[in-house]
Amino acid sequence: MSEAPILEVNDLSMVFGGLHAVDNVTLKINKGEIVALIGPNGAGKTTFFNCVTGVYVPTHGEIKITTPDGNQSVLNGLKPNIINEKGLARTFQNIRLFSNMTVLENVMIGRHQSLKSGILSSVLRTKKNRIEEQKVIEDSYEILKKIGLEMFVNEVASNLPYGAQRRLEIARAMATNPFLLLLDEPAAGMNPQETNELVFLIQKLRKEEDISILLIEHDMSLVMTLSERIYVVDYGKMIAEGSPLEIKNNKDVIKAYLGEDIDA
Ligand SMILES: Nc1ncnc2c1ncn2[C@@H]1O[C@H](COP(=O)(O)OP(=O)(O)OP(=O)(O)O)[C@@H](O)[C@H]1O
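Residues numbered from 1 in each chain as written. Predicted model: local features only at pLDDT ≥ 70, side-chain atom pairs only at ≥ 80, totals over all residues. Heavy atoms only, no water.

**Describing the domain arrangement of the protein chain**
Okay, step 1: Domain annotation for the protein chain reports domain 1 (1-87 + 178-264) and domain 2 (97-177).
Okay, step 2: The C-alpha centroid of domain 2 is placed 26 Å from the C-alpha centroid of domain 1.
Okay, step 3: On the side of domain 2, 12 residues touch domain 1, which itself brings 20 residues to the contact.
Okay, step 4: For the pair domain 1 and domain 2, the summed buried surface comes to about 1,400 Å²; carbon and sulfur atoms form 62% of the total.
Okay, step 5: When the buried area of domain 1 at its contact with domain 2 is split by residue, N84, P178 and L201 rank highest and sum to 33% of it.
Okay, step 6: Between domain 1 and domain 2 we count two salt bridges in total.
Okay, step 7: The salt bridge partner of K146 is E209, with a shortest N-O separation of 3.5 Å.
Okay, step 8: Of all the elements in the fold, those that place two or more residues in the side of domain 1 that touches domain 2 are α2 (80-85), β7 (180-184) and α7 (192-209).
Okay, step 9: Tallying contributions element by element places α7 first for the side of domain 1 that touches domain 2, with seven residues.
Okay, step 10: Along the lines of polarity and charge, the residues of the side of domain 1 that touches domain 2 split into 11 nonpolar, two polar and seven charged. (Domains from an automatic or database assignment. Contact = heavy atoms within 4.5 Å. Buried area = accessible area lost by both parts, 1.4 Å probe. Salt bridge = Lys/Arg side-chain N within 4 Å of Asp/Glu carboxyl O. Helix = DSSP H or I, 4+ residues; strand = E, 2+ residues; numbered from the N terminus. Nonpolar A, V, L, I, M, F, W, Y, C, P; charged D, E, K, R; others polar.)

Structure follows, in structure tokens:
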């Protein structure tokens, strides 16, 4: 019997006033896949992410996950922190780091949710709390090593080169121990070398950390290189789904992108 998809979104709609930002979208992600969600500006991609990660409660539809231990749950109506605890982590279109904190501290914030000590033991600095805090520091450093940012460990986040700041966001998301990572335009603003490093990093995370990835991206070369499957939305509606080759040759997609460069 084949495994259940780790994410299954059925007939999802999000209506703002009269605007159908997401209109009856169905999408699934299987374990270990790298999947892209693409579409012209304003097509509804970020709104879709916001529904899946609990920022918005969808107007209609169901969002269901199957965790690596086989537990299924419906995410509709859950708060973002609860969805994060269930194993979905995301990054945002615009960098959202704690810019005055160090690189390590930014990752530790993501990691802290795994702390089991209560507030009282944190205040009293009990032995259990001190041990957990040390573990958070060690785990956070290990994550920075995996992402290739350990050389910046004590640097203030805002001092990092742009591409490294974007990777730090991924590190912070990874600190919450996700099985599914949602990346919203991870290559936005990157130069070609930073984009190449990002491609390598995403492939490495999938391979070594046993996670799946759903990404929104306008850089078609990156999308075509990384994705096994691509979903295309336009005006909130799903207009195509397929392999990179199928999507490249799809007439509806070419029409939606008319005037935009979809050559890999
Ligand atoms: N909170 C909101 N209230 C009202 N309208 C919204 C809201 N959020 C998004 N929209 C509208 O929904 C539509 C889809 O926006 P969304 O940001 O999801 O598109 P997108 O595909 O991510 O675009 P881009 O590629 O430019 O980031 C747009 O018309 C946008 O103006």
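**Some details on helix α6 (residues 162-174)**
Okay, step 1: In a regular helix each residue adds 1.5 Å, so 13 residues correspond to 18 Å; α6 covers 19 Å between its end C-alpha atoms and thus fits that length.
Okay, step 2: Burial analysis of α6 places 12 of its 13 residues in the buried class, the great majority of the element.
Okay, step 3: What α6 keeps buried is the set G163, A164, Q165, R166, R167, L168, E169, I170, A171, R172, A173 and M174.
Okay, step 4: In the core, the buried residues of α6 are packed alongside β6 (88-90), α3 (103-111), α5 (127-147), β7 and α7. (Expected span 1.5 Å × (residues − 1). Buried < 20%, exposed > 50% of the residue type's maximum accessible area, 1.4 Å probe, protein only.)

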